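A look at the structure
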Amino acid sequence: MSEAHGTGANGPIVVLTGAGISKESGLDTFRDKGGIWEKVSIEEVATPEAFQANPERVQQFYNDRRRQLTQDRPEPNAGHTALARLAREWPGEVLVVTQNIDDLHERAGQDNLIHMHGELRKARCTDCAAVVAWDDDLAPATGCPHCDTGTLRPHVVWFGEMPFQMERIFDALQRCGLFISVGTSGSVYPAAGFVQEVLRGGRARTVELNLEPSDGSVLFHESRHGPASEVVPAFVDDLLAGRIEL
């Protein structure tokens, strides 16, 4: 067992997850072949300009995504539960940063979690910026329960908007001893640049766990390819057993 395993002295573990980890739970990915962005234009549903031009169309798009979570009730898969186990059993800090707007990490038991692109089961006021839990459909005229003037929009980050909690994320990346990227294409910034941020520090190990090599796979010290439900639990087993030196 390495010293890093015994004490967590090399800094926190930071895990970045993307749509690939939720695909095996039945949720559509965005950039894969046959994914959402091949069927719907980003410019029509996922920008502030689209919301301003056609709020009903944008709300309907996210209503459909939200219903998939609240009505179909997809279950966390072995990839989600393995990361929750890692957070429970690792002696140091484990921070999961997800690009996903589903709630599968939470339902797997993950506590130390940042939704950098927002959460589908929340809504945000266009006026007072209050964030509320929300499982129903949204319409352009849906009013904010906290103020008399605002309406609600999906609590998601659209293209052209700044992801959430970036200061906290970059602080963790600069301190981390191990960076793990799971199920992400490596093509959407700023998340695609996280591995480069880690490597600038020169002391963290970087690992990619993905169905196939991502756009930035050459930047990782180690890559394991296969379904998230297989490669993530296997890697977590090796890490917790001390078979991986940090």
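What you are looking at is a predicted structure, and each value in this text was computed from that prediction instead of being measured. (Residues numbered from 1 in each chain as written. Predicted model: local features only at pLDDT ≥ 70, side-chain atom pairs only at ≥ 80, totals over all residues. Heavy atoms only, no water.)

With respect to the pattern of salt bridges
Evaluated as defined, the whole model comprises 17 salt bridges. With its nearest N and O atoms 2.7 Å apart, the salt bridge here joins Asp-137 to Arg-67. Placement of Asp-137 in the loop between strand S5 (131–133) and strand S6 (152–156) and of Arg-67 in helix H6 (residues 55–70) is noted, with a sequence separation of 70 residues between them. Assessed through its relative accessible area of 38%, Asp-137 is described here as partly exposed. For Arg-67, a relative accessible area of 26% corresponds to the partly exposed category. The shortest N-O distance in the salt bridge between Arg-121 and Asp-135 comes to 2.7 Å. Linking Arg-121 in strand S4 (residues 118–125) with Asp-135 in the loop between S5 and S6, this pair joins segments that are 14 residues apart in sequence. Among the residues examined, Arg-121 registers a relative accessible area of 23% and is labelled partly exposed. When its relative accessible area of 37% is taken as the criterion, Asp-135 is described as partly exposed. Connected via shared salt-bridge partners are Glu-75, Asp-103, Arg-107, Arg-121 and Asp-135. (Salt bridge = Lys/Arg side-chain N within 4 Å of Asp/Glu carboxyl O. Helix = DSSP H or I, 4+ residues; strand = E, 2+ residues; numbered from the N terminus. Buried < 20%, exposed > 50% of the residue type's maximum accessible area, 1.4 Å probe, protein only.)

Some details on the sheet that holds S6
As summarised here, the arrangement of the three strands in space is S5-S4-S6, forming an open sheet in which the pairing is antiparallel. Of all strands in the sheet, those bounded by a partner on one side alone are S5 and S6. Strand-to-strand twist across the sheet, computed as the mean angle between neighbouring axes with direction ignored, equals 45°. Pairing geometry for S4 and S5, over three bridges, is antiparallel. (Pairing = 2+ DSSP bridges. Axes fitted to C-alpha atoms, helices over the stretch in contact; angles between N-to-C directions.)

Quick notes on the UniProt feature "binding site: Zn(2+)" (unreviewed entry) in the protein chain
Per the UniProt record, "binding site: Zn(2+)" (unreviewed entry) is annotated on Cys-125, Cys-128, Cys-144 and Cys-147. These residues run over 23 residues, yet every pair of their C-alpha atoms falls within 8.5 Å of each other. When sequence neighbours within four positions are dropped, the list of residues in contact with Cys-125 reads Ala-130, Cys-144, Cys-147, Gly-150, Thr-151 and Leu-152. For Cys-144, a relative accessible area of 8% corresponds to the buried category. Sequence-distant contacts of Cys-144, defined by excluding residues within four places in its chain, comprise Cys-125, Cys-128, Gly-150, Thr-151 and Leu-152. (UniProt positions renumbered as here; feature names shortened; annotations may be inferred. Contact = heavy atoms within 4.5 Å.)

Thoughts on the confidence of the model for the protein chain
In the predicted model, the protein chain carries a mean pLDDT of 90, and 92% of its residues have values of at least 70. Contacts of residues 1–9 to residues separated by more than four positions or lying in other chains number 19 contacts, the stretch itself having pLDDT below 50. (pLDDT = per-residue confidence, 0-100.)

Brief notes about the packing of aromatic side chains
Evaluation of the coordinates by the stated rule reveals five aromatic pairs. On the numbers, 5.1 Å between centres and 40° between planes, the contact of Phe-51 with Trp-158 is tilted. Of this pair, Phe-51 sits in helix H5 (residues 48–53) while Trp-158 sits in the loop between S6 and helix H9 (166–175), placing them 107 residues apart in sequence. Each ring, one from Tyr-62 and one from Trp-158, has its centre 6.4 Å from the other, and the planes form 45°; the classification is tilted. With Tyr-62 in helix H6 and Trp-158 in the loop between S6 and H9, this residue pair connects regions lying 96 residues apart in the sequence. Each of the two residues, Tyr-62 as well as Trp-158, counts as buried. An aromatic cluster is present here, built from Phe-51, Phe-61, Tyr-62 and Trp-158 joined pairwise through their rings. Taking the ring centre of Phe-61 as reference, the NZ or CZ of Arg-65 above it sits at 4.7 Å. (Phe/Tyr/Trp six-rings, centres within 6.5 Å; stacked < 30°, edge-to-face > 60°. Lys NZ or Arg CZ within 6 Å of the ring centre and 35° of its normal.)

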